[in-house]
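Architecture at a glance
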Amino acid sequence: MSIIRKTLVLLGLSLCSTLVRGQAATVLYQERVVELQEVLPDATDLWVKPEDLTRINDFELKPQGACFEEICIPVLQDRDSDMYITRQDQGWFNVTELADKLQQAYVVDYQEGVWAFGEMPVKRQSFLRGGQAPDFELPDRDGNLVSLSDFRGKKVLLLTWASW
Amino acid sequence: MPVWQVIYDELKDQNFEIISVAQDTGGEADAGPIFDDANVTYTSIIDVNHHISALYNLVNVPSGVWIDEQGNIARINEGTYAKEHFDGAFGTNDYVPIVRDWVSKGADSQYVWDRDKVRDSIFERTPEAERAQPAFQLGSWYFRQENDAKAEQYWSLAQELDPSSWNYLRQDLQYEEGGSAGPEWQQRREQIESAGGSYYAPLEIEEN
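This section reports on the structure supplied with the text. (Residues numbered from 1 in each chain as written. Chains lettered and ligands numbered in written order. Predicted model: local features only at pLDDT ≥ 70, side-chain atom pairs only at ≥ 80, totals over all residues.)

Attention shifts here to the overall build of chain A. The secondary structure content of chain A amounts to four helices and 13 strands. Partitioning the intrachain contacts of chain A with sequence separation of at least 6 by distance along the chain shows that 35% fall at a separation of at least 24. (Helix = DSSP H or I, 4+ residues; strand = E, 2+ residues; numbered from the N terminus. Contact = placed C-beta atoms within 7 Å.)

Structure, rendered in structure tokens:
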């Protein structure tokens, strides 16, 4: 996004946020379907409350930035920026800006307010460069969550197939 | 699948697990009966969003990945049937013996790849193809909402973004006239094969 466009977006937000109440959104990430009661209306980006950020992707907003395990992306919180703004004492975090910084792919249906996020490249380097098997958490047919790491100490043959 | 159950019964007491993951947006209704008919006792997952394919850069089924006791990949991205089907039309009887060898010898098995070979064998995705997974997931979400128009819109987008994925194409074709193995699929497959390519990820078993 160009600086001019970003300025316009921020300006747009400051104009409309006093007039328009937040709207709902749905976020899909891994196996999660996260329903958000309120996001900031915006033509391009997904702005959420800091606590919703954690529900979406486990990142946590800390004084030093948005953090997950050893990853921390700096976020200014004492003034408005592309990543974080404050409106009427409510802070809003820009999830799509974080995704852009992390080169995380996403696709959105603006009409319905549904956002789907792909895997984060930072979490995939040990796979792509080091040949480590990516862990996952998926329900088995009985509904129990299964992770690859449950089988550490065993050899695992992972097989994909399909009925179609 | 019944063949994998026989292999599993033979090897399961040697610190060995099979995780079988159906890439089926239709869920239990589509994949469940196939697991049931084979009386499967190994770990069975129905992956409606095709996450495992996205995570391991797999574009077709069946595909196999070997993962050792420490969570390192020992082989990846191979078209892996348990046996030969229809007089060699597809599949091979040569894969199961190398699985057996690996389970008994571990890292000493000659069929275990080194890290470079593993890295080189991981299918490479373009930046556009990285967007295909969220597009497909969005389509699958609409599919479950029974919003067929939106499902079709995002499944088509996924196929445009990642034309290398047979899974995205055939999952979609399942719900179209002609089905997942109909004329469109046949034509695309013949194009690849007549150009000297391989429909299934190649399975190259090292000589003894």
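A separate point is the overall build of chain B. On a plain count of helices and strands, chain B comes out with nine helices and four strands. Mapped in sequence order, the helices and strands of chain B form the string α-β-α-β-α-β-β-α-α-α-α-α-α. Relative to the compact-globule value of 17 Å for 208 residues, chain B shows a C-alpha radius of gyration of 18 Å, a close match. Taken along its principal axes, the extent of the C-alpha atoms in chain B is 50 × 40 × 35 Å. (Rg over C-alpha atoms; globule rule 2.2 N^0.38 Å.)

With that settled, consider helix H9 (residues 183-194) of chain B. Residue and element names in this part refer to chain B. Here H9 contains 12 residues, and its C-alpha end-to-end distance of 16 Å stays within 8% of the 16 Å for a straight helix at 1.5 Å per residue. The element H9 is largely exposed, with a buried count of zero among its 12 residues. At the exit of H9 stands Gly196, carrying a positive phi of roughly 90°. (Expected span 1.5 Å × (residues − 1). Buried ≥ 20, exposed ≤ 12 C-beta atoms within 10 Å, placed from the backbone.)

All names here are of chain B. For Asn167, the location among the structural elements is in helix H8 (residues 166-173). A count of 23 C-beta atoms within 10 Å places Asn167 in the buried class. It is 7.1 Å that separates the C-alpha atoms of Asn167 and Val61, two residues lying 106 residues apart in sequence. Aside from chain neighbours lying at most four places away, what touches Asn167 is Gln23, His50, Ser53, Val59, Asn60 and Val61.

Every contact between the two is made by 61 residues of chain B and, on the other side, 38 residues of chain A. If one sorts the elements of the side of chain B that touches chain A by residue count, helix H6 (residues 127-144) of chain B sits on top with eight residues. Considering only residue class, the side of chain B that touches chain A consists of 31 nonpolar, 18 polar and 12 charged. (Nonpolar A, V, L, I, M, F, W, Y, C, P; charged D, E, K, R; others polar.)

All names here are of chain B. With an omega of -10°, the peptide bond running from Val61 to Pro62 counts as cis. The topology assignment puts Pro62 in the loop between helix H3 (51-55) and strand S3 (63-67). Notably, Asn39 is not glycine yet its phi reads approximately 50°, a positive angle. Relative to the elements of secondary structure, Asn39 occurs in the loop between helix H2 (28-37) and strand S2 (43-46).

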